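So you can see what is in the structure, the chains are spelled out below.
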Amino acid sequence: MALISLLVFVYTALRYDVAATSPHSQPVEWVLSEGMQHSVRTHAAELEVPEGIDLRDASLADKAIGHYSVACATCHGAPGESRAPWMVMYPEPRALTDAAVVNAWSDRELYWIIKHGIKDTGMIALGPTHSEGDLWAVTAFVRQLPDMSPDRYRALRARYQQNAAAAGHAEHRH
Ligand code: HEC
């Protein structure tokens with residue numbers, strides 16, 4: 001009997017449409033999204049924002065412009081810019097310029113998501129390759145993103161790109 005249930009389960013799973021272009025049925029969608037939120041909230045509850053870190057501090061967020069513009073904007077968009085049109089995936093990455101999306105998460109929940117990523121969604125984890133300082137800077141950046149003007153975003157990115165180009169030239173001289 002157990003074997004039959006197992007076979008039915010596997011057969012159903014194989015017939016399930018895994019295409020990135022076809023949304024889950026509503027109950028499946030609900031279970032996945034509730035499960036994701038619950039998991040993030042439970043794990044993040046054990047964290048504290050370290051003393052001395054202020055996620056509303058603009059100079060902390062500024063440090064993350066390189067990370068955000070290179071590693072996040074293609075999927076999540078940026079002030080004045082939508083995500084890359086070829087970034088077709090499901091679940092869809094939401095616009096982090098939208099206050100309703102960002103404010104649904106507390107500071108430590110945002111940090112947790114950025115550090116660990118979200119399994120089976122395409123959301124990347126910065127934890128293994130970034131310092132704690134960088135992780136909190138990216139968290140501050142996301143926290144402030146809904147209030148950032150397109151002009152400010154573009155100015156920060158232009159400055160970052162100039163510095164990166166200058167650093168590249170300096171390296172070539174060695
Ligand atoms: C390859 C695409 C991709 C990249 C790159 C990416 N993300 Fe995500 N992100 C996702 C997806 C997909 C989700 C989950 C959406 C869902 O489950 O509904 C997500 C979820 C999130 C969330 C939770 C918001 C919400 O409620 O949906 C945050 C915050 C976030 N990402 C921040 C970032 C940051 C910061 C970066 C850059 C370091 C980044 N992401 C890079 C695809 C991406």
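Preceding this paragraph is the structure being described.
Figured I'd write up the structure that's included with this text. Just so it is clear, the structure is predicted and the values come from calculations on it, not from any experiment. Residues take numbers from 1 onward in each chain, read along the sequence in its written order. It should be noted that, the model being predicted, local features are given only for residues of pLDDT at least 70 and side-chain atom pairs only at 80 or more, the latter also being counted only at that level, while totals for whole chains, interfaces and linings use all residues.

So, about the overall build of the chain. If you tally the helices and strands in the chain, you get 8 helices and 0 strands. Helix and strand definitions follow DSSP, with helices as H or I runs of at least four residues and strands as E runs of at least two, each counted in order from the N terminus. Overall, the chain shows an N-to-C arrangement of helices and strands of α-α-α-α-α-α-α-α. Every radius of gyration here is taken over C-alpha atoms, with the globule rule written as 2.2 Å times N^0.38, N being the number of residues. A globule of 174 residues ought to have a C-alpha radius of gyration of about 16 Å, yet the chain, at 20 Å, is considerably larger. For the chain, the spread of C-alpha atoms along the three principal axes comes to 70 × 35 × 35 Å. In this description, a residue-residue contact is defined by the distance between C-beta atoms placed from the backbone, which must lie within 7 Å. Once local pairs closer than 6 in sequence are excluded, the contacts in the chain between residues at least 24 apart make up 66%.

Interhelical geometry of helix 2 (residues 26–44) versus helix 6 (residues 107–116) gives an angle of 105° and a closest axis separation of 9 Å. Taken as axis vectors, helix 2 and helix 6 run roughly perpendicular relative to one another. Of helix 6, the residues touching helix 2 (which contributes Val-40, Arg-41, His-43 and Ala-44) are Arg-108, Glu-109, Trp-112 and Ile-113. Throughout this entry, Asp, Glu, Lys and Arg are counted as charged residues, while Ala, Val, Leu, Ile, Met, Phe, Trp, Tyr, Cys and Pro are counted as nonpolar. The remaining residues, Gly among them, count as polar. Considered class by class, the residues forming the contact of helix 2 with helix 6 number 4 nonpolar, 1 polar and 3 charged. To get an axis, a line is fitted to the C-alpha atoms, and for a helix only the part in contact is used. The angle between two axes follows their N-to-C directions and goes from 0 to 180 degrees. Roughly parallel here means an angle under 35 degrees, roughly antiparallel means over 145, roughly perpendicular means 65 to 115, and every remaining angle is called oblique.

Any residue whose C-beta atom, as placed from the backbone, lies within 6 Å of a molecule or strand is termed near it. In the vicinity of the ligand lie 26 residues, with Cys-72, Cys-75, Pro-91, Pro-93 and Met-123 positioned nearest. Secondary-structure elements contributing two or more residues to the shell around the ligand are helix 2, helix 4 (65–76), helix 6 and helix 7 (132–144). In terms of residue class, the shell around the ligand is built from 19 nonpolar, 6 polar and 1 charged.

Most of helix 6 sits inside the fold, with 7 of its 10 residues counted as buried. Of all the positions in helix 6, only Asp-107, Leu-110, Tyr-111, Trp-112, Ile-113, Ile-114 and Lys-115 are classed as buried. A positive backbone phi angle near 70° is found at Gly-117, which sits one or two residues after helix 6. Any residue surrounded by 20 or more other C-beta atoms within 10 Å of its C-beta is treated as buried, while 12 or fewer makes it exposed and the intermediate range makes it partly exposed; C-beta atoms here are placed from the backbone.

Attention shifts here to the environment of Val-49. Along the polypeptide, Val-49 turns up in the loop between helix 2 and helix 3 (58–62). Taking the C-beta count within 10 Å as the criterion, Val-49 has 14 such neighbours and is therefore assigned partly exposed. For the pair Val-49 and Met-123, spaced 74 residues apart in sequence, the C-alpha separation works out to 22 Å. In this structure Val-49 touches Asp-107 and Arg-108, once residues within four positions along its chain are discounted.

Between helix 6 and helix 7, whose axes approach to 9 Å, the crossing angle comes to 120°. Comparing the axis directions of helix 6 and helix 7 gives the class oblique. Viewed along their axes, helix 6 and helix 7 form a crossing whose handedness is right-handed. Contact residues: helix 6 offers Asp-107, Leu-110, Tyr-111, Ile-114 and Lys-115, while helix 7 offers Leu-135, Trp-136, Val-138, Thr-139, Val-142 and Arg-143. Broken down by class, the residue content of the contact of helix 6 with helix 7 amounts to 7 nonpolar, 1 polar and 3 charged. Here is the rule for handedness: rotate from the far helix to the near one, and if that takes an anticlockwise turn smaller than a right angle the crossing is left-handed, while a clockwise turn gives right-handed.

Think of an α-helix as 3.6 residues a turn; residues three or four steps apart then line up on the same face. Expected helix span is given by 1.5 Å per residue-to-residue step, counting one fewer step than there are residues. Between the first and last C-alpha of helix 1 (residues 2–15) there are 20 Å, a value that for 14 residues agrees with the 20 Å anticipated at 1.5 Å per step. Along helix 1, only 0 of the 14 residues are buried, which leaves the element largely exposed.

Take unusual backbone geometry next. When glycine is set aside, most residues are seen to have a negative phi, and most peptide bonds are trans. For the bond from Tyr-90 to Pro-91, the omega torsion is 0°, close enough to zero to count as cis. When you line up the elements, Pro-91 lands in the loop between helix 4 and helix 5 (99–102). Its identity as a non-glycine residue notwithstanding, Asp-120 has a phi of 60°, on the positive side. Checked against the element boundaries, Asp-120 lands in the loop between helix 6 and helix 7.

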